Amino acid sequence: MPKEANNNLEENNMPVAPDDMRKAARKGLEIRKDLPPSRQYGTRVGLARANQIANGENLSLRTLVRMRSYLIRARENYRTAKGKGLTAENSKAIGAYLLWGGPRALSWANEQIKKLQRR
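Residues numbered from 1 in each chain as written. Predicted model: local features only at pLDDT ≥ 70, side-chain atom pairs only at ≥ 80, totals over all residues. Heavy atoms only, no water.

(A) Local environment of the overall build of the protein chain. Summing up its helical and strand segments, the protein chain has five helices and zero strands in all. Looking at the protein chain residue by residue over its 119 residues, the buried ones come to 43%. (Helix = DSSP H or I, 4+ residues; strand = E, 2+ residues; numbered from the N terminus. Buried < 20%, exposed > 50% of the residue type's maximum accessible area, 1.4 Å probe, protein only.)

Structure (structure tokens):
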């Protein structure tokens, strides 16, 4: 696993998701694999992103912008499902949100985008 610097930037200056986001993505992937195909969540892009996050890969500015776009669009569905007491086992909205790093991912992505754009 990559070393996590205080500012979450690796040697090549691209951020790596923090532990809580990596855990959320792993959890989403693990739950998904145990679900029947009709209840599985996540597109190919979502699954690719989950694997990048879970594996601690560097995330480019372009990837972070796409993450932010998805997380903003999906946030209300996630909140609605959580408000109903649902979980990733019975809500595609929650499961898919976990794949993208979970509830902390949007604020983290916004922080990283700002850092990268200031350079």
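(B) Geometry of helix H1 (residues 19-33). Helix length check: H1, at 15 residues, gives a terminal C-alpha distance of 21 Å against a target of 21 Å (1.5 Å per residue), a fit within 8%. Of all the positions in H1, only Met21, Arg22, Ala24, Ala25, Gly28, Ile31 and Arg32 are classed as buried. The inward-facing, buried residues of H1 contact helix H2 (44-54), helix H3 (61-83), helix H4 (92-99) and helix H5 (105-118). (Expected span 1.5 Å × (residues − 1). Contact = heavy atoms within 4.5 Å.)

(C) Highlighting the side chain of Thr63. Along the chain, the position of Thr63 falls in helix H3. Its relative accessible area of 8% is what places Thr63 among the buried residues. What Thr63 contacts, discounting residues up to four positions off in sequence, is Arg49 and Gln52.

(D) Spotlight on the pattern of salt bridges. Tallied over the entire structure, the rule returns two salt bridges. For Arg22, the salt bridge is made with Asp19, and the minimal N-O distance between the two is 2.5 Å. Taken as a pair, Arg22 and Asp19 lie in helix H1 at a separation of three residues, close to a single helical turn. A relative accessible area of 2% places Arg22 in the buried class. You can call Asp19 partly exposed: its relative accessible area is 40%. Among the ionic pairs, Asp20 bridges to Arg104, the shortest N-O distance being 3.1 Å. Here Asp20, found in helix H1, pairs with Arg104, found in the loop between H4 and H5; they are 84 residues apart in sequence, far enough to count as distant. Look at Asp20 and you get partly exposed, because its relative accessible area is 37%. (Salt bridge = Lys/Arg side-chain N within 4 Å of Asp/Glu carboxyl O.)

(E) The arrangement of the nonpolar core in detail. Among the nonpolar cores identified, the biggest contains 32 residues, and Leu64, Met67 and Leu71 are the most heavily contacted of them. Counting residues per element, this core draws most heavily on H3, which supplies seven residues. Discounting chain neighbours no more than four positions away, the residues touching Met67 are Met21, Arg49, Ile53, Leu59 and Trp100. (Core = buried A, V, L, I, M, F, W, Y, C linked by side-chain atoms within 4.5 Å.)

From the geometry alone we can't say anything about function, so treat these as descriptive.
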